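# Observations on the model geometry
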Amino acid sequence: MAELGCPVCDSPLDEAGSTFRCVLCEGAWVREEVLVAILEQRASTLVALPWVARQDKPRPCAECTADMQTVNLGSVALDRCAQHGVWFDANEMTELLKQVKLFKANTDPVSEHEAHRTGLLTRLAKLFGG
Ligand SMILES: [Zn+2]
Ligand SMILES: [Zn+2]
């Protein structure tokens, strides 16, 4: 694999477990599936990431150097290449982990209830509708 470059200061990134770190600016490059795994472990449940677009100066992807999308996740401002991963400035991962409860996937007891109710109504309709 080609060496990854820091989107901020352009120095080479060091592999650190499942993420890649910049020793100069302390940012981190995290593949999206790795990010989801980290957050799911922290939340002890499935998470869904509600990316919200933000207008900002784009930074280059650490892998393909294309302009990344500037996005928010919770109140944390991140940079994201949909194909490759997400860039965290120093401390942004810590901030994000504090907000992990916001990202719990909707396991949706309401719609289960709805489905049950709809099933019941259908059965009733059959009973009375002939
Ligand atoms: Zn850097
Ligand atoms: Zn990319």
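Keep in mind that what you see is a predicted model, and the values were worked out from it rather than measured.

## Examining the sheet that holds strand β6 (residues 76–81)
Strand order in the open sheet made by the 7 strands is β1-β2-β3-β7-β6-β5-β4, with antiparallel pairing throughout. The open sheet has two free edges, formed respectively by β1 (14–16) and β4 (52–53), since each of these has just one partner strand. The pairing of strand β3 (residues 28–30) with strand β7 (residues 85–88) spans 3 bridges and is classified as antiparallel. Bridging from a neighbouring strand, Ala28 pairs with Phe88 of β7.

## Quick look at helix α1 (residues 32–43)
Look at α1: 16 Å from first C-alpha to last across 12 residues, which is about the 16 Å you get at 1.5 Å a residue. For α1, the complete set of buried residues consists of Glu32, Val34, Leu35, Leu39 and Ala43. All buried residues of α1 project into a common sector of 165 degrees when viewed along the axis, lining one side. In α1, the exposed positions angled more than 90 degrees off the buried face are occupied by Glu33 and Gln41. Residues of α1 that are buried in the fold lie against β2 (19–21), β3, β6, β7 and α2 (92–98). Once α1 finishes, Ser44 follows within two positions and takes phi at roughly 55 degrees, a positive value.

## Quick look at a nonpolar patch on the surface
A cluster of nonpolar side chains, contributed by Leu120, Leu121, Leu124, Leu127 and Phe128, occupies part of the molecular surface with about 550 Å² of accessible area. Considering the arrangement of structural elements, one finds Leu127 in helix α3 (residues 109–129).

## Quick look at the pairing of β7
The pairing of β6 with β7 spans 3 bridges and is classified as antiparallel. Bridging across to β7, Arg80 finds its partner in Val86. Adjacent in sequence and paired antiparallel, β6 and β7 are bridged by 3 residues.

## Quick look at the side chain of Arg54
Following the sequence through the fold, Arg54 ends up in the loop between β4 and β5 (69–73). Within the structure, the side chain of Arg54 is placed 2.6 Å from the side chain of Asp56, a separation counted as a polar contact. Separated by 2.8 Å, the side chains of Arg54 and Asn72 make a polar contact. Leave out the neighbours within four places in its chain, and Arg54 touches Thr70, Val71, Asn72, Ala77, Leu78 and Asp79.

The rules behind the values
Residues numbered from 1 in each chain as written. Chains lettered and ligands numbered in written order. Predicted model: local features only at pLDDT ≥ 70, side-chain atom pairs only at ≥ 80, totals over all residues. Heavy atoms only, no water. Pairing = 2+ DSSP bridges. Helix = DSSP H or I, 4+ residues; strand = E, 2+ residues; numbered from the N terminus. Expected span 1.5 Å × (residues − 1). Buried < 20%, exposed > 50% of the residue type's maximum accessible area, 1.4 Å probe, protein only. Arc of directions from axis to C-beta. Contact = heavy atoms within 4.5 Å. Patch = residues over 30% accessible without salt bridge, like charges linked within 9 Å, V, L, I, M, F, W, Y side chains within 5 Å. Areas by Shrake-Rupley, 256 points an atom, 1.4 Å probe, with all protein chains shown as cover. Salt bridge = Lys/Arg side-chain N within 4 Å of Asp/Glu carboxyl O. Polar contact = N/O pair within 3.5 Å; in protein donor to acceptor, adjacent residues only side chain to side chain.

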